[in-house]
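Single-letter residue listing:
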Amino acid sequence: MPVIAPRRLALLAMFAAVTIYGGQFVSVRWGLQSGLSAYDMAALRFIFAAAVMAPFFVRAGIVDCAGLGWGKGLALALTGGVPLTVLSNIGLNYAPAAHASAIQPGMVAVTATTLAYLGMRARVPFGAMIGFSIVLSGLAAIAVAGSSGQEGPLTVLGDLIFVFCGVGWGIFTWLCGRWQVPSVVGASIVSTLSAVAFLPIYFGFLEPSLDAVTWPILLFHGINQGVLNIALGLLLWTYGTRTLGVAVAARFPPMIPVLGTLIGIPALGEIPTPLAALGVAGIVLGLLIAAVAGTGKARPSASVNAPETADRA
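Computed from a predicted structure; not experimentally measured.

What counts as what
Residues numbered from 1 in each chain as written. Predicted model: local features only at pLDDT ≥ 70, side-chain atom pairs only at ≥ 80, totals over all residues. Heavy atoms only, no water. Helix = DSSP H or I, 4+ residues; strand = E, 2+ residues; numbered from the N terminus. Rg over C-alpha atoms; globule rule 2.2 N^0.38 Å. Buried < 20%, exposed > 50% of the residue type's maximum accessible area, 1.4 Å probe, protein only. Core = buried A, V, L, I, M, F, W, Y, C linked by side-chain atoms within 4.5 Å. Contact = heavy atoms within 4.5 Å. Axes fitted to C-alpha atoms, helices over the stretch in contact; angles between N-to-C directions. Parallel < 35°, antiparallel > 145°, perpendicular 65-115°, else oblique. Left-handed = near helix turned anticlockwise from the far one by under 90°. Nonpolar A, V, L, I, M, F, W, Y, C, P; charged D, E, K, R; others polar.

## Overview of the overall build of the protein
Helix and strand counts for the protein come out as 13 helices and zero strands. Ordered by position in the sequence, the α and β elements of the protein form the string α-α-α-α-α-α-α-α-α-α-α-α-α. A globule of 313 residues ought to have a C-alpha radius of gyration of about 20 Å, and the protein, at 18 Å, matches this closely. Projected onto the principal axes, the alpha-carbon positions of the protein cover approximately 50 × 50 × 50 Å. Counting every position in the protein, which comprises 313 residues, the buried fraction comes to 56%.

## Remarks on unusual backbone geometry
Backbone geometry places C65, a non-glycine residue, at a positive phi of 55 degrees. The residue E207 is not glycine, and still its phi comes out positive at about 50 degrees. Residue placement: E207 occurs in the loop between α8 (183–205) and α9 (215–244).

## Section: the nonpolar core
Core analysis: the biggest nonpolar cluster contains 43 residues, and L36, L92, F198 and I283 have the highest contact counts within it. Only α1 (6–33), α2 (38–60), α4 (82–91), α5 (97–119), α6 (126–147), α8 and α12 (274–298) provide two or more residues apiece to this core. The greatest single-element share of this core, amounting to eight residues, is contributed by α5. Filtering out sequence-adjacent residues up to four positions away, F198 remains in contact with Y39, A42, A43, V82, V86 and L206.

## Points about the packing of α1 against α2
Each packed pair of helices is defined by two parameters, the angle between the axes and the distance between the axes. Interaxial distance between α1 and α2 falls to 9 Å at its minimum, and their mutual angle equals 130 degrees. The angle between α1 and α2 places the two elements in the oblique class. Crossing geometry of α1 relative to α2 is assigned as right-handed. From α1, Q24, S27, V28, G31 and L32 reach across to α2, where they touch A38, M41 and R45. Partitioning the contact of α1 with α2 into residue classes produces four nonpolar, three polar and one charged.

## Thoughts on the side chain of T111
Take T111: it is sitting in helix α5. Looking at T111, the relative accessible area reads 12%, which means it is buried.

Structure below.
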């Protein structure tokens, strides 16, 4: 049998990863429309994620929080775990999946990369500034489109939630880069601590409504959110980045808004308004310009890890 060249295999891995990340918002939106709550979706995510990642956490060491220390571990869990996951799910009650898949990765990239350069006490490259300016213009276009009410009366509220979550996950991404947190370690900490903190509250006080859908749908959402996004997507992204290099990997995040929008059209029947579509296109263009012209020079870790929080992303 012919052997696939490592570079081609890495490209396939990156395409698979961005497809997983782009489709996650569509999956959550569909789950919410099917009768599950934002809390139900978060519970399914961390039940399955913890089942896969908790062994890595235990093996790395419970006493010192997988070797990172409990202070840093809690910071990662707060900025990359269940609080923002639940909030993002709530936002998807109000705004289309295309908005989430564009706004959150855009804000992650802007926040994480800006913090990385500030941490190095270096000026953000001019190309990155131009790209991020276009990203912010795209965000503004989406906000204006949402304020028209054509996609729902509370669309702007959902968009604001996505902005907040994107900033939070951008901080998480920056912290992972600043502390040199291995991808598997970061994912195991977030998954395990989120499950331990959230699931007792969920089952004890939040009135689970998992019986609103059939078990195959529950299984689909659990595997998609907890296994594909956190475990498989992480492995694919890490492999692709190590094989292709940071500069090439940084050019893939702009595909997430495109795929999220395209998947949402047949899956949810959500066709963006012309202005919202223009905003998504602006975010994609801005991210691409920032990746090509700016972020590759200093190679901050934020550029590589951003999709790991797009759910997250």
